[in-house]
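Read off the chains here:
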Amino acid sequence: GVSGNANCFDILAWCVSAAAGESGFAPHRDRQPADVPGSFRSDGSPRYTTAWVALSEASARTGCLYLLPKSVDPGYSVGDPTDADADPLHVALRSDAAVQAVRACHVDAGGVVAFSHRVMHWGSTGDARARASRVSLSFGCSDGEFEPSYFQDPSAPLPFPRVGVRAALAGAQLINYHERFDFGAARLRALASMFRAERRHFSESYVQKTAAELKSAVE
């Protein structure tokens, strides 16, 4: 776990080729709870943390993470504007100080960047001349009362979930992040089938979340 939070199995993997013009996710916060102050403990620690693990060098050349420090981010602790036209990133970067404070997270292979659910961050587009792809993993770690584990019994699949369970989680994760990708109907059906085959191992909240995202993806 990270900062008192345990792995909730919100796991993602990337292989990003700068030479192909690829990049990581666009600027975002990992969680947008209705009660932002309540998503932190009384000691200020976050109830959700992301551990981002570099499997290859992540640099400005290959495409690393960039993040905006809390100290210059007006929406970090209190929440973002609810006006649909108010982009949280644009609001955060209105000041020169905020723009100048943006951090490039250069990480060697095997290194980790850990950050809270409220940190504004993104994956950059690297130098097209970079030969190597940037390969990384991320693990969501949460307080169970803030966000429960994706598995019914979090300890049951560890340390190495069998292949069918891993495939089911991968399929559900791709469905839940479908807005980041361009899946056709055939691919969505295949992913849903992978998940359904093992759905008994997953928490009801995650099953419902995946069903709702599948419906949205299909529509």
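These lines cover the structure that appears in this document, whether it is placed above or below. Owing to the predicted nature of the structure, the values given are computational and were not obtained by experimental measurement.

### A look at the nonpolar core
Core analysis: the largest hydrophobic core is formed by 19 residues, its most contacted members being W14, W52, V113 and F115. Listed by contribution, the elements that provide at least two residues to this core are β1 (6-16), β2 (48-54), β3 (65-67) and β5 (112-116). Sorting elements by how many residues they give to this core places β1 first, with three residues. Apart from residues lying up to four places away in sequence, F115 is in contact with D30, T49, T50, W52, L65 and H121. The next biggest cluster of nonpolar side chains, apart from the first, holds eleven residues, and it includes F151, L169, F195 and Y206.

### Comments concerning helix α5 (residues 204-218)
Over its 15 residues, α5 extends 21 Å from the first C-alpha to the last, a length consistent with the 21 Å expected when each residue adds 1.5 Å. Every buried residue belonging to α5 is among Y206, V207, T210 and L214, and all of these are buried. The buried side chains of α5 occupy one side of the element, clustering within an arc of 100° when seen end-on. Each element contacted by the buried residues of α5 is listed here: α3 (163-176) and α4 (185-196).

### Considerations on the environment of I11
If you trace the backbone, I11 turns up in strand β1. Using a relative accessible area of 24% as the deciding quantity, one classes I11 as partly exposed. Along the backbone, I11 and L137 are 126 residues apart, and their C-alpha atoms lie at a distance of 7.2 Å. Not counting residues within four places of it along the chain, the set of residues in contact with I11 comprises S138, F139, L169 and Q173.

### Structural notes on the sheet that holds strand β6 (residues 121-123)
Spatial ordering of the open sheet is given by β4-β3-β6, a layout of three strands whose pairing is antiparallel. Two strands in the sheet have a free side with no partner beyond their single neighbour: β4 (103-105) and β6. Strand-to-strand twist in this sheet, taken as the mean axis angle between neighbours without regard to direction, amounts to 25°. The pairing of β3 with β4 spans three bridges and is classified as antiparallel. Paired with L67 across the bridge in β4 is R103.

Parameters and conventions
Residues numbered from 1 in each chain as written. Predicted model: local features only at pLDDT ≥ 70, side-chain atom pairs only at ≥ 80, totals over all residues. Heavy atoms only, no water. Core = buried A, V, L, I, M, F, W, Y, C linked by side-chain atoms within 4.5 Å. Buried < 20%, exposed > 50% of the residue type's maximum accessible area, 1.4 Å probe, protein only. Helix = DSSP H or I, 4+ residues; strand = E, 2+ residues; numbered from the N terminus. Contact = heavy atoms within 4.5 Å. Expected span 1.5 Å × (residues − 1). Arc of directions from axis to C-beta. Pairing = 2+ DSSP bridges. Axes fitted to C-alpha atoms, helices over the stretch in contact; angles between N-to-C directions.

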